[in-house]
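Survey of secondary and tertiary structure
One letter stands for each residue in the lines below.
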Amino acid sequence: MAIELVVFDLAGTTVKDNQDVHRILQQALAAHDVSVTLEDANEVMGIPKPIAIGQLLRRKYNGSRPITINWIAEIHDIFVEKMINFYRTDEGVGEKDGVAETFRRLKEKDLKVIVDTGFDRQITNPLLERMGWAKLNLIDGSVTSDEVERGRPHPDLIYRAMELTNIKDSRNVAKVGDTVSDIEEGKSAGCGLVVAVTTGAFTHNALADAGPTHLIENIRELIGILEKREE
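So, a few notes on the structure that sits alongside this text. Predicted, not measured: the structure shown is a model, and the values here were computed from it.

What counts and how
- Counting restarts for each chain, with residues numbered from 1 along the sequence as it is written.
- Residue-level local features of this predicted model are given only where pLDDT is at least 70; pairs of side-chain atoms are given and counted only at 80 or more, and the full residue set underlies all totals for whole chains, interfaces and linings.
- Based on all heavy atoms of the structure, the side-chain values leave hydrogens and waters out of the count.
- Only DSSP runs of H or I covering at least 4 residues are called helices, and only runs of E covering at least 2 are called strands; the numbering of each starts at the N terminus.
- Each radius of gyration reported is based on C-alpha atoms, and the globular scaling rule is 2.2 Å times the count of residues to the power 0.38.
- The buried label goes to any residue with under 20% of its type's maximum accessible area, the exposed label to any with over 50%, and the partly exposed label to all in between, with areas taken from a 1.4 Å probe on protein chains only.
- It only takes one pair of heavy atoms within 4.5 Å for two residues to be counted as in contact.
- Under this rule, positive means Lys or Arg and negative means Asp or Glu; His and the chain ends count for nothing.
- To locate a charge, take atom NZ for lysine, CZ for arginine, CG for aspartate or CD for glutamate.
- Planes of paired rings set the category: under 30 degrees apart is stacked, over 60 is edge-to-face and the rest tilted, where pairs are Phe, Tyr or Trp rings (Trp by its six-membered ring) whose centres lie within 6.5 Å.
- Think of it this way: DSSP has to see at least two bridges between two strands before they count as a pair.
- Crossovers are marked right-handed if the path from the first strand over the helix to the second runs clockwise, as seen with the strands pointing away from the viewer.
- Here, axes are lines fitted to C-alpha atoms. For helices the fit covers the stretch in contact, and angles between N-to-C directions go from 0 to 180 degrees.
- Here the angle decides the label: under 35 degrees means roughly parallel, over 145 means roughly antiparallel, 65 to 115 means roughly perpendicular, and every other value means oblique.
- In this count, Pro and Cys sit with the nonpolar residues alongside Ala, Val, Leu, Ile, Met, Phe, Trp and Tyr, while Asp, Glu, Lys and Arg are called charged and the others, Gly among them, polar.
- Throughout this description, a polar contact denotes any pair of N or O atoms lying within 3.5 Å of each other; where both atoms belong to protein, one of them has to be capable of donating a hydrogen while the other can accept it, and for residues adjacent in sequence the pair is counted only when both atoms sit in side chains.
- By definition here, a salt bridge exists when the distance from a side-chain nitrogen of Lys or Arg to a carboxyl oxygen of Asp or Glu is within 4 Å.

**Regarding the overall build of the protein**
The helix and strand inventory of the protein stands at 10 helices and 6 strands. A compact globule built from 231 residues would reach a C-alpha radius of gyration of about 17 Å, and the protein, at 17 Å, matches this within 12%. A total of 231 residues make up the protein; the buried ones form 55% of that total. Within the protein, counting contacts between residues at least 6 apart in sequence, those at least 24 apart form 67% of the total. When the 28 basic and 38 acidic side-chain charges of the protein are each reduced to a single mean position, those positions are 2 Å apart.

So, in structure tokens, the structure goes:
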């Protein structure tokens with residue numbers, strides 16, 4: 001079946017990320033005297049951040065304070081504040097190589113383009129404003145983890161993207177991401193293509209083990225995959 005919609009992850013896939021999300025998540029937990037490594041943070045990349053924080057607390061916190069929804073929310077508030085400031089002000093924020101070009105070529109083929117993310121809307125809007133894709137008509141919208149009942153690895157983000165673009169069959173959807181949870185999201189939604197890109201959080205082998213339909217090293221390679229599928 002022909003692909004009509006491509007859903008891209010943000011940080012690590014279409015947006016540069018030099019472990020910036022890892023580092024800020026680490027800082028948010030450290031503010032509450034919880035120590036995690038960047039490797040610990042990497043294990044929860046791609047999933048909704050409140051869930052990620054809860055998982056890290058349960059794995060790494062050895063104190064007596066109960067791990068409650070309120071405590072998780074306090075840490076998440078710190079994370080959100082730091083991420084918003086980072087995306088608004090840091091000089092290193094930008095898109096990955098070839099992203100705008102790839103979006104443009106997809107739009108020339110009359111495909112819909114949506115970005116989805118494990119961030120909530122508070123973080124996503126400043127990031128998308130910085131990227132400028134919407135003003136250039138390179139994307140058709142975005143879906144954030146706080147706008148669906150279940151974030152990755154569940155299919156809800158994909159289903160919401162389909163609603164926004166009036167796509168009825170998930171076999172007409174391609175999902176592109178850099179984490180295992182991105183791959184699991186696409187597979188759980190029944191996407192026709194699930195493309196893993198090695199530009200972010202996970203190694204080639206870790207992504208391959210998760211079973212994507214395709215594994216690429218640069219976002220530009222997606223165009224060739226779609227053209228071959230059309231043939």
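What follows picks up the thread again.
**Looking at the packing of aromatic side chains**
Enumeration according to the criterion identifies 6 aromatic pairs in this entry. Taking the centre distance of 6.5 Å and the plane angle of 40 degrees together, the rings of Phe79 and Phe119 count as tilted. Of this pair, Phe79 sits in helix 4 (residues 69–89) while Phe119 sits in the loop between strand 2 (112–116) and helix 6 (121–131), placing them 40 residues apart in sequence. The two residues Phe79 and Phe119 agree in class, both being buried. By way of ring pairs, the aromatic residues Phe79, Phe86, Tyr87 and Phe119 are connected into one cluster.

**Here's the deal with the pairing of strand 5 (residues 193–197)**
The side chains of a regular strand alternate between both faces of the sheet. For strand 5, the buried fraction is high: 5 of the 5 residues fall into the buried class. Side chains Leu193, Val195 and Val197 project from strand 5 onto one buried face, and the interleaved Val194 and Ala196 project onto a second face that is buried too. Judged from the 4 bridges that link them, strand 4 (residues 173–177) and strand 5 form a sheet pairing that is parallel. Looking across to strand 5, one finds that Ala174 is bridged to Leu193. Handedness of the β-α-β unit built from strand 4, helix 8 (residues 180–189) and strand 5 comes out right-handed. Of the strand pairs in this sheet, strand 5 and strand 6 (residues 214–216) are connected by 3 bridges, and their pairing is parallel. Residue pairing in the sheet places Val197 in a bridge with Ile216 of strand 6. Once you follow strand 5 into helix 9 (residues 204–209) and on to strand 6, the crossover reads as right-handed.

**Remarks on the packing of helix 4 against helix 6**
It is at 9 Å that the axes of helix 4 and helix 6 come closest, and there the two elements cross at 5 degrees. In terms of axis orientation, helix 4 runs roughly parallel to helix 6. Across the interface between the two elements, Phe79, Val80, Met83, Ile84, Phe86, Tyr87, Arg88 and Thr89 of helix 4 pack against Gln122, Ile123, Pro126, Leu127 and Arg130 of helix 6. Here the contact of helix 4 with helix 6 is built from residues that sort into 9 nonpolar, 2 polar and 2 charged.

**A look at the environment of Asn166**
Within the fold, Asn166 resides in the loop between helix 7 (156–165) and strand 4. Put simply, Asn166 and Gly141 are 25 residues apart on the chain and 12 Å apart in space, counted from C-alpha to C-alpha. Within polar-contact distance, the side chain of Asn166 engages the side chain of Lys168 at 2.9 Å.

**Regarding the pattern of salt bridges**
Here the structure, examined in full by the defined rule, presents 20 salt bridges. One salt bridge connects Glu101 with Arg220, and the closest N-O pair in it is separated by 2.8 Å. Pair noted here: Glu101 is in helix 5 (residues 99–108) and Arg220 is in the loop between strand 6 and helix 10 (221–230), with a separation of 119 residues, a long-range link. Arg152 serves as the salt-bridge partner of Asp182, at 3.2 Å between the closest nitrogen and oxygen. On the criterion of sequence distance, the pair formed by Asp182 in helix 8 and Arg152 in the loop between strand 3 (141–143) and helix 7 is long-range, its members being 30 residues apart. One connected set of salt bridges, linked through shared partners, spans Asp9, Asp116, Arg152, Lys175, Asp182 and Glu185.

**A short note on the sheet that holds strand 1 (residues 5–9)**
Overall, parallel pairing links the 6 strands, which are arranged 3-2-1-4-5-6 in an open sheet. Because the sheet does not close on itself, it has two edges, and the strands there are strand 3 and strand 6. Neighbouring strand axes in the sheet, compared pairwise and without regard to direction, differ in orientation by 25 degrees on average.

**Looking at the side chain of Ser181**
As for its position among the elements, Ser181 is in helix 8. Residue classification places Ser181 among the buried positions, given a relative accessible area of 6%. Those residues in contact with Ser181 that sit more than four places away from it in its chain are Met45, Gly46, Ile47, Arg152 and Pro153.

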